[in-house]
Amino acid sequence: MFDKSQKSTTTDLGKTNRIVEGTMIKGDIISKADFRLDGELIGNFTSQGKIVIGPAGSVTGDINCTNADIEGNFEGKIEVSELLNVKSKATIKGEVIVNKLSVEPGAEFTATCTMKNAVKPLAKKNEQQQAG
(Lines give C-alpha, C1' and ligand atoms only; values in the text may rest on other atoms or scores of the structure.)
Protein backbone atom coordinates (compact mmCIF):
# COMPACT_ATOMS: atom_id res chain seq x y z
CA MET A 1 0.00 0.00 0.00
CA PHE A 2 2.78 2.44 0.89
CA ASP A 3 5.97 2.29 -1.12
CA LYS A 4 8.81 3.17 1.26
CA SER A 5 11.36 3.25 -1.57
CA GLN A 6 10.02 6.59 -2.83
CA LYS A 7 11.69 9.26 -0.71
CA SER A 8 11.63 12.94 -1.43
CA THR A 9 15.14 14.37 -1.58
CA THR A 10 14.01 17.94 -2.23
CA THR A 11 13.19 20.46 0.45
CA ASP A 12 10.18 22.74 0.14
CA LEU A 13 11.93 26.12 0.24
CA GLY A 14 8.57 27.90 0.23
CA LYS A 15 8.23 27.19 3.96
CA THR A 16 9.79 29.24 6.74
CA ASN A 17 11.22 27.98 10.02
CA ARG A 18 10.42 30.21 12.98
CA ILE A 19 11.89 30.74 16.44
CA VAL A 20 9.57 32.90 18.53
CA GLU A 21 10.33 35.64 21.04
CA GLY A 22 11.32 34.29 24.45
CA THR A 23 13.18 31.29 23.00
CA MET A 24 16.96 31.00 23.38
CA ILE A 25 19.06 28.55 21.38
CA LYS A 26 22.69 27.80 22.21
CA GLY A 27 24.26 25.93 19.31
CA ASP A 28 24.42 25.92 15.53
CA ILE A 29 21.48 25.95 13.12
CA ILE A 30 21.72 24.55 9.58
CA SER A 31 18.69 24.96 7.32
CA LYS A 32 17.95 24.68 3.61
CA ALA A 33 14.77 26.73 4.00
CA ASP A 34 14.09 30.34 4.99
CA PHE A 35 14.26 31.18 8.68
CA ARG A 36 12.69 33.85 10.92
CA LEU A 37 14.28 34.46 14.31
CA ASP A 38 12.44 36.53 16.91
CA GLY A 39 14.23 34.82 19.80
CA GLU A 40 17.92 34.62 20.66
CA LEU A 41 20.62 32.51 19.00
CA ILE A 42 24.05 32.08 20.54
CA GLY A 43 25.86 30.10 17.88
CA ASN A 44 26.24 29.91 14.13
CA PHE A 45 23.55 29.92 11.46
CA THR A 46 23.91 28.48 7.93
CA SER A 47 21.18 28.47 5.28
CA GLN A 48 20.71 28.22 1.55
CA GLY A 49 17.73 30.54 1.99
CA LYS A 50 16.96 33.79 3.75
CA ILE A 51 17.23 34.69 7.44
CA VAL A 52 15.05 37.36 8.99
CA ILE A 53 16.07 38.59 12.42
CA GLY A 54 12.96 40.27 13.80
CA PRO A 55 12.91 43.38 16.04
CA ALA A 56 13.14 41.27 19.23
CA GLY A 57 15.63 38.81 17.71
CA SER A 58 19.36 38.62 18.32
CA VAL A 59 22.24 36.52 17.03
CA THR A 60 25.70 36.26 18.56
CA GLY A 61 27.82 34.17 16.20
CA ASP A 62 28.43 33.71 12.49
CA ILE A 63 25.79 33.72 9.75
CA ASN A 64 26.21 32.37 6.23
CA CYS A 65 23.16 32.66 3.97
CA THR A 66 21.79 33.77 0.60
CA ASN A 67 19.72 36.79 1.76
CA ALA A 68 19.18 38.47 5.14
CA ASP A 69 16.85 41.07 6.66
CA ILE A 70 17.96 42.32 10.06
CA GLU A 71 15.70 44.34 12.35
CA GLY A 72 17.13 43.19 15.68
CA ASN A 73 20.67 42.70 16.99
CA PHE A 74 23.56 40.89 15.38
CA GLU A 75 27.12 40.49 16.63
CA GLY A 76 29.69 38.40 14.77
CA LYS A 77 30.55 37.68 11.15
CA ILE A 78 27.83 37.60 8.50
CA GLU A 79 28.38 36.46 4.91
CA VAL A 80 25.47 37.01 2.52
CA SER A 81 25.80 35.81 -1.08
CA GLU A 82 23.09 38.14 -2.39
CA LEU A 83 21.37 40.98 -0.44
CA LEU A 84 21.75 42.09 3.18
CA ASN A 85 18.94 44.47 4.17
CA VAL A 86 19.61 46.32 7.46
CA LYS A 87 16.43 47.89 8.86
CA SER A 88 16.30 51.22 10.73
CA LYS A 89 16.13 49.66 14.25
CA ALA A 90 18.89 47.09 13.65
CA THR A 91 22.23 46.93 15.46
CA ILE A 92 25.11 45.27 13.60
CA LYS A 93 28.55 44.76 15.19
CA GLY A 94 31.36 42.75 13.64
CA GLU A 95 32.30 41.76 10.10
CA VAL A 96 30.04 41.91 7.05
CA ILE A 97 30.73 40.27 3.68
CA VAL A 98 28.00 40.86 1.09
CA ASN A 99 27.22 41.07 -2.59
CA LYS A 100 24.65 43.87 -2.13
CA LEU A 101 23.96 45.98 0.96
CA SER A 102 21.00 48.16 1.96
CA VAL A 103 21.17 50.12 5.22
CA GLU A 104 18.17 52.19 6.30
CA PRO A 105 18.73 55.50 8.13
CA GLY A 106 18.76 54.99 11.90
CA ALA A 107 20.46 51.60 11.86
CA GLU A 108 23.55 51.13 14.03
CA PHE A 109 26.17 49.67 11.69
CA THR A 110 29.51 49.22 13.46
CA ALA A 111 31.25 46.71 11.23
CA THR A 112 33.93 46.17 8.66
CA CYS A 113 32.26 45.62 5.32
CA THR A 114 33.55 43.82 2.23
CA MET A 115 31.57 43.93 -1.00
CA LYS A 116 32.11 40.65 -2.88
CA ASN A 117 31.39 42.02 -6.36
CA ALA A 118 33.70 45.03 -5.89
CA VAL A 119 36.84 43.15 -4.86
CA LYS A 120 37.80 41.45 -8.14
CA PRO A 121 37.26 44.37 -10.54
CA LEU A 122 39.23 46.67 -8.23
CA ALA A 123 42.15 44.22 -8.12
CA LYS A 124 42.19 43.97 -11.94
CA LYS A 125 42.13 47.77 -12.25
CA ASN A 126 45.14 48.07 -9.90
CA GLU A 127 47.03 45.42 -11.90
CA GLN A 128 46.37 47.32 -15.15
CA GLN A 129 47.59 50.59 -13.61
CA GLN A 130 50.80 48.95 -12.37
CA ALA A 131 51.47 47.29 -15.76
CA GLY A 132 50.91 50.48 -17.74
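Analysis parameters
- Residues numbered from 1 in each chain as written.
- Predicted model: local features only at pLDDT ≥ 70, side-chain atom pairs only at ≥ 80, totals over all residues.
- Heavy atoms only, no water.
- Helix = DSSP H or I, 4+ residues; strand = E, 2+ residues; numbered from the N terminus.
- Buried < 20%, exposed > 50% of the residue type's maximum accessible area, 1.4 Å probe, protein only.
- Contact = heavy atoms within 4.5 Å.
- Areas by Shrake-Rupley, 256 points an atom, 1.4 Å probe, with all protein chains shown as cover.
- Core = buried A, V, L, I, M, F, W, Y, C linked by side-chain atoms within 4.5 Å.
- Pairing = 2+ DSSP bridges.
- Salt bridge = Lys/Arg side-chain N within 4 Å of Asp/Glu carboxyl O.
- Polar contact = N/O pair within 3.5 Å; in protein donor to acceptor, adjacent residues only side chain to side chain.

Participant: Could you give an account of the overall build of the chain, naming the residues involved and the relevant values?
Facilitator: A tally of regular secondary structure across the chain gives one helix and 13 strands. Its helices and strands taken in sequence order, the chain reads β-β-β-β-β-β-β-β-β-β-β-β-β-α from the N to the C terminus. The 132 residues of the chain split such that 31% are buried. Considering only intrachain contacts with a sequence separation of at least 6, the fraction spanning at least 24 residues in the chain is 2%. Accessible area for the chain stands at about 8,400 Å²; split by element, carbon and sulfur atoms hold 49% of it.

Participant: A description of the nonpolar core should follow, citing residues and the corresponding values.
Facilitator: Ile-63, Ile-70, Ile-78 and Leu-84 are the most contacted members of the largest nonpolar core, which has 23 residues in total. Elements supplying a minimum of two residues to this core: strand E4 (34–37), strand E7 (50–53), strand E9 (63–65), strand E10 (67–70), strand E11 (73–86) and strand E12 (91–103). Looking at this core element by element, the count peaks at five residues for E11. With near-sequence residues (within four places) excluded, Ile-70 lies in contact with Ile-53, Ile-78, Leu-84, Asn-85, Val-86, Lys-87, Ala-90 and Ile-92.

Participant: An account of the pairing of E11 is requested, with residue identities and associated values reported.
Facilitator: Strand residues, when the strand is regular, have side chains that alternate between the two faces of the sheet. By the bridge criterion, three bridges tie strand E8 (residues 58–60) to E11 in an arrangement that is parallel. Bridge pairing links Ser-58 to Asn-73 in E11. Here E9 runs beside E11; their pairing, made up of three bridges, is parallel. Considered in E11, the bridge of Ile-63 is made with Ile-78. Bridge count between E10 and E11: three bridges; the pairing is parallel. Bridge pairing in E11 places Asp-69 opposite Asn-85. One ladder, built from twelve bridges, connects E11 with E12; its direction is parallel. Within E12, the position partnered with Val-80 by the bridge is Val-98.

Participant: Pulling in residues and values, what's your account of the pattern of salt bridges?
Facilitator: Tallied over the full model, the rule gives five salt bridges. The partner of Asp-38 in a salt bridge is Arg-36, and the shortest N-O contact between them spans 2.9 Å. Judged by relative accessible area, which is 9%, Asp-38 ranks as buried. A relative accessible area of 23% means that Arg-36 is categorised as partly exposed.

Participant: Run through the environment of Glu-95, naming residues and quoting values.
Facilitator: Inspection of the secondary structure assignment puts Glu-95 in strand E12. Separated by 16 residues in sequence, Glu-95 and Ala-111 place their C-alpha atoms 5.2 Å apart. In this view, Glu-95 contacts Gly-76, Lys-77, Ile-78, Ala-111 and Thr-112; residues no more than four positions away in its chain are not counted.

Participant: Please give an account of the side chain of Asp-38 that cites residues and values.
Facilitator: Its location among the elements puts Asp-38 in the loop between E4 and strand E5 (40–42). Looking at Asp-38, its side chain comes within polar contact range of the side chain of Arg-18, at 3.2 Å. If we skip the residues at most four places from it in the chain, Asp-38 touches Arg-18, Ile-19, Val-20, Glu-21, Gly-54, Pro-55, Ala-56 and Gly-57.

Note that all results are geometric; they support no functional claim without further evidence.
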